[in-house]
Structures are given as C-alpha cells and as structure tokens.
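# Coordinates in review
Listed below are the residues making up each chain.
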Amino acid sequence: MNAKQEFTRLIHTQTEIALATCTDGQPNVRIVNFCFDEAAKVMLFTTFGDNEKVKELEHNNKAAFTTIPHTGNEHIKAKGTVKKSSSTVFDAAEHFIKKIPGYKDMIEQAGDYLILYEISFESAVVTLDFENIETYDLAD
C-alpha cells in the first residue's frame, strides 16, 4: 500500500468528515463537508458563526476527524489543531464546488454567514481494509 497515494485518493473522493471536538471534558461529534488545501496541507470546513462548534473551538482548538466512507471501510483519520482561516469561504469556493457541486448554492445563499476553518495535522492514518492500514506523514 502506498499511504501517500491512498491518502490523496481518499481526500479527493470522500466529501464528509466526522469532526470531534471537546469542551468541558465532554466530546461532541458532527458531520461536516470538507475539502483539502494541498498547498497549505490543511483540511478546510465551514460553519455558521452562531454554531455550537464555534464556541467549542474557542475553548479548545484540538480536534479529531475521520472521513466517512460511503462504501467499504476506506477512510482517513487524524488529530490536529483547528483555527479560523485568514481566508473566506469565497476564497475557497472553487475547492468546495469542485468537490461538492451543490455547495455552490450554499455559498451563494449563505456565504456571508459562513466561517472558514482549517485543521492542521502532521500525520493521518489511512485505512483501506483490516489488513491495509498505514500512517501517512504529511511532510513526506
């Protein structure tokens, strides 16, 4: 298994992550759409400014995620640090729309209310099946 190749394939074909945050010692997980900025090597997601996860991330910027497979068991999981992006959803629109065409409507209708977040992580566990699991170091 080539972990880098499989990471790249999965990061471009899967569209959702289960994003886990924690505040006051209590975990919270939700499904969000994402795209990956290859140049910056960060996961991008958006949320509304009044969303509960915004408050959680203000208190604790550590998070974990796993991509959600729609068939089989192929997925990527990682732990990292989340921060508000210096870019906007409009700056990242092309990435989101290329991956999730229906996201264009979301950006057009609600883009002014969406906050763009980045998840930085150094490595990710890439799982194809129970026999093919490897860690990919993003610095490679």
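In this report, we go over the structure that sits alongside the text. For clarity, every value in this text was computed on a predicted model and none was experimentally measured.

### Focus: the overall build of the chain
Looking only at helices and strands, the chain features four helices and nine strands. Order of helices (α) and strands (β) in the chain, N terminus to C terminus: α-β-β-β-β-α-β-β-α-α-β-β-β. Over its C-alpha trace the chain gives a radius of gyration of 15 Å, about what one expects of a compact globule, namely 14 Å for 140 residues. Across its three principal directions, the C-alpha atoms of the chain cover 45 × 35 × 30 Å. In the chain, buried positions account for 41% of the 140 residues. Total accessible area on the chain is roughly 7900 Å²; 48% of this is exposed by carbon and sulfur atoms. Charged side chains in the chain number 14 positive and 22 negative. The centres of these two groups are separated by 2 Å.

### Observations regarding the pattern of salt bridges
According to the stated counting rule, one finds four salt bridges in the structure shown. Notably, a salt bridge pairs arginine 9 with glutamate 6, separated by 2.7 Å at the nearest N-O pair. Of this pair, arginine 9 and glutamate 6 both sit in helix H1 (residues 3–13), three residues apart, which is roughly one turn of that helix. The partner of arginine 30 in a salt bridge is glutamate 56, and the shortest N-O contact between them spans 2.8 Å. One end of the pair, arginine 30, is in strand E2 (residues 26–33); the other, glutamate 56, is in helix H2 (residues 52–59), and 26 residues separate them in sequence. This pair shows no difference in class: arginine 30 is buried, exactly as glutamate 56 is.

Here is what the cut-offs are and how they apply
Residues numbered from 1 in each chain as written. Predicted model: local features only at pLDDT ≥ 70, side-chain atom pairs only at ≥ 80, totals over all residues. Heavy atoms only, no water. Helix = DSSP H or I, 4+ residues; strand = E, 2+ residues; numbered from the N terminus. Rg over C-alpha atoms; globule rule 2.2 N^0.38 Å. Buried < 20%, exposed > 50% of the residue type's maximum accessible area, 1.4 Å probe, protein only. Areas by Shrake-Rupley, 256 points an atom, 1.4 Å probe, with all protein chains shown as cover. Lys, Arg positive; Asp, Glu negative; His and termini not counted. Charge placed at Lys NZ, Arg CZ, Asp CG, Glu CD. Salt bridge = Lys/Arg side-chain N within 4 Å of Asp/Glu carboxyl O.

Read these as layout, nothing more, since geometry by itself doesn't imply function.
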